[in-house]
Amino acid sequence: SQQGEEDPQALSIQEGENATMNCSYKTSINNLQWYRQNSGRGLVHLILIRSNEREKHSGRLRVTLDTSKKSSSLLITASRAADTASYFCASMFSGGYNKLIFGAGTRLAVHP
Amino acid sequence: GAGVSQTPSNKVTEKGKYVELRCDPISGHTALYWYRQSLGQGPEFLIYFQGTGAADDSGLPNDRFFAVRPEGSVSTLKIQRTERGDSAVYLCASSLRAGGYTEAFFGQGTRLTVV
């Protein structure tokens, strides 16, 4: 399979709680990106972290990258019902490969 | 246009028929990607173009699938002799260039159903 792995596959939380999603990949990367998808259609880019970065923030999003473990995590703080969606990590491999390889995703449900 | 446009949004076809899916990327984006997404799965890479040429078509599942981008803008994904297993959402994305630290912008996808 092309895909990396994400866990959990599904996450259900209450509004105001934090949500953490994890992603693992298989080979050396140039960067790793997180995307959000509503209702199984278009994906929206959330954040990109370069291979030489360890942590990045954007609003309520915090992404970490551990290249030694080939893993990344996405933290959404103070979640809202509108954050309900599927979240995917996508790896851009190094070595001249210019395609994004997606994980299987985490389905997040935030309950009011 | 403002974003990546894909047409049609939905396509129902009979097994064995030929279909074409169209993608209009963001103006000025040189890289264009096609992905296929089955229910409950992440997008699966099919092919990407840098300009007019297919730079990597390693994800095309078999020779029934073909894609073109003759003028370096609009792309068409063509599927011959469709099979029920081809049913999926086909996503197109474009980026300013391929690789590097560039984000991809996705269209809303074409939901293909083969009956």
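Novice: Help me understand the overall build of chain B in this model?
Specialist: The helix and strand tally for chain B stands at zero helices and eleven strands. Starting at the N terminus and ending at the C terminus, chain B contains elements arranged as β-β-β-β-β-β-β-β-β-β-β. Against the compact-globule benchmark of 13 Å for 115 residues, chain B has a radius of gyration of 13 Å, which places it among compact chains. For chain B, the proportion of its 115 residues judged to be buried stands at 48%. At a minimum sequence separation of 6, the contacts of chain B that also span at least 24 residues come to 54%. As displayed, chain B has an accessible area near 5300 Å², and 48% of this comes from carbon and sulfur atoms.

Novice: What am I meant to see in the overall build of chain A here?
Specialist: A count of helices and strands for chain A gives zero helices and eleven strands. Its helices and strands in sequence order give chain A the pattern β-β-β-β-β-β-β-β-β-β-β, from N to C terminus. Taking 13 Å as the expected radius of gyration for a compact globule of 112 residues, we find that chain A reaches 13 Å, a close match to that expectation. Once the C-alpha set of chain A is aligned to its principal axes, its extents read approximately 45 × 25 × 20 Å. When burial is assessed residue by residue, chain A has 47% of its 112 residues classed as buried. In chain A, once contacts between residues fewer than 6 apart in sequence are set aside, the share between residues at least 24 apart is 55%. Each charge sign in chain A was given a centre, from 13 positive and 9 negative side chains, and these centres are 7 Å apart.

Novice: I tried to follow the sheet that holds strand β1 (residues 5-7) of chain B on my own but got confused; where do I start?
Specialist: What links the strands of a sheet is backbone hydrogen bonding, and the strands pair in either a parallel or an antiparallel sense. All names here are of chain B. Taken in spatial order, the four strands line up as β1-β3-β8-β7 in an open sheet, and their pairing is antiparallel. Strands at the two margins of the open sheet, each flanked by one partner only, are β1 and β7 (65-68). When strand polarity is set aside, the average angle formed by the axes of neighbouring strands in this sheet is 15 degrees. Bridging between strand β3 (residues 19-24) and strand β8 (residues 75-79) involves five bridges; their strand directions are antiparallel. Bridge assignment links L21 to a residue of β8, and that residue is L77.

Novice: It is not clear to me how empty space enclosed by the protein should be interpreted in this structure. Could you clarify?
Specialist: Using a probe with the size of a water molecule, rolled over the atoms, empty space left in the structure can be pinpointed. Counting across every chain of the model gives one cavity of 30 Å³ or more. In this structure, the largest cavity spans a volume of roughly 30 Å³. Every residue lining the largest cavity is listed: A:M92, A:L100, B:Y33, B:S95, B:T102, B:E103 and B:A104. Classifying every residue of the lining of the largest cavity gives four nonpolar, two polar and one charged.

Novice: What am I meant to see in the state of the cysteines here?
Specialist: Linking two cysteines covalently through their sulfur atoms gives a disulfide. Residue and element names in this part refer to chain B. According to the stated counting rule, one finds two disulfides over all chains in the structure shown. The disulfide bridge from C23 ends at C92, spanning 1.8 Å between sulfur atoms. With the S-S dihedral at roughly -65 degrees, the linkage between C23 and C92 falls on the left-handed side. A residue pair is termed long-range when its members are at least 10 positions apart, and C23 in strand β3 and C92 in strand β9 (residues 88-95) qualify at 69 residues. Like C92, C23 is buried.

Novice: Hey, could you run me through the packing of aromatic side chains in this one?
Specialist: The geometry of two aromatic rings is summed up by the distance between their centres and the angle between their planes. Evaluated as defined, the whole model comprises nine aromatic pairs over all chains. Ring geometry for A:Y35 against A:F102: centres 5.5 Å apart, planes inclined by 55 degrees, an arrangement best described as tilted. Of this pair, A:Y35 sits in strand β4 (residues 29-37) while A:F102 sits in strand β10 (residues 100-102), and the two are 67 residues apart along the sequence. We note that A:Y35, like A:F102, is buried. A connected cluster of aromatic rings, assembled from ring pairs, spans A:Y35, A:F88, A:F102, B:Y33, B:Y35, B:F45, B:Y48 and B:F106.

Novice: What is the right way to look at the interface of chain A and chain B in this model?
Specialist: Accessible area lost on assembly of the parts is the figure often given for the size of an interface. Taken together, the contacts link 24 residues of chain A with 30 residues of chain B. Here chain A and chain B share an interface that buries about 2100 Å² over both sides, 47% of which is from carbon and sulfur atoms. The largest contributions to the chain A side of the interface with chain B come from A:R41, A:N98 and A:K99, which together make up 30% of the buried area. Here chain A is connected to chain B by one salt bridge. Between B:D56 and A:K99 there is a salt bridge, with its nearest N and O atoms 3.2 Å apart. Put simply, the parts of the chain that give the side of chain A that touches chain B at least two residues each are β4, β5 (43-50), β9 (85-93) and β10 of chain A. Sort the elements by how many residues they give to the side of chain A that touches chain B and β4(A) lands first, with five residues. Of the residues belonging to the side of chain A that touches chain B, the class tally is nine nonpolar, eleven polar and four charged.

So, how was this worked out
Residues numbered from 1 in each chain as written. Chains lettered and ligands numbered in written order. Predicted model: local features only at pLDDT ≥ 70, side-chain atom pairs only at ≥ 80, totals over all residues. Heavy atoms only, no water. Helix = DSSP H or I, 4+ residues; strand = E, 2+ residues; numbered from the N terminus. Rg over C-alpha atoms; globule rule 2.2 N^0.38 Å. Buried < 20%, exposed > 50% of the residue type's maximum accessible area, 1.4 Å probe, protein only. Contact = heavy atoms within 4.5 Å. Areas by Shrake-Rupley, 256 points an atom, 1.4 Å probe, with all protein chains shown as cover. Lys, Arg positive; Asp, Glu negative; His and termini not counted. Charge placed at Lys NZ, Arg CZ, Asp CG, Glu CD. Pairing = 2+ DSSP bridges. Axes fitted to C-alpha atoms, helices over the stretch in contact; angles between N-to-C directions. 1 Å grid on protein atoms, 1.4 Å probe; cavity = no way out; pocket = protein on both sides within 12 Å on 5 of 7 lines; lining within 4 Å. Points joined across faces, edges and corners; volume = space filled by probe spheres on them. Nonpolar A, V, L, I, M, F, W, Y, C, P; charged D, E, K, R; others polar. Disulfide = S-S within 2.5 Å. Phe/Tyr/Trp six-rings, centres within 6.5 Å; stacked < 30°, edge-to-face > 60°. Buried area = accessible area lost by both parts, 1.4 Å probe. Salt bridge = Lys/Arg side-chain N within 4 Å of Asp/Glu carboxyl O.

It is worth stressing that arrangement in space is one thing and function is another; only the former is reported here.
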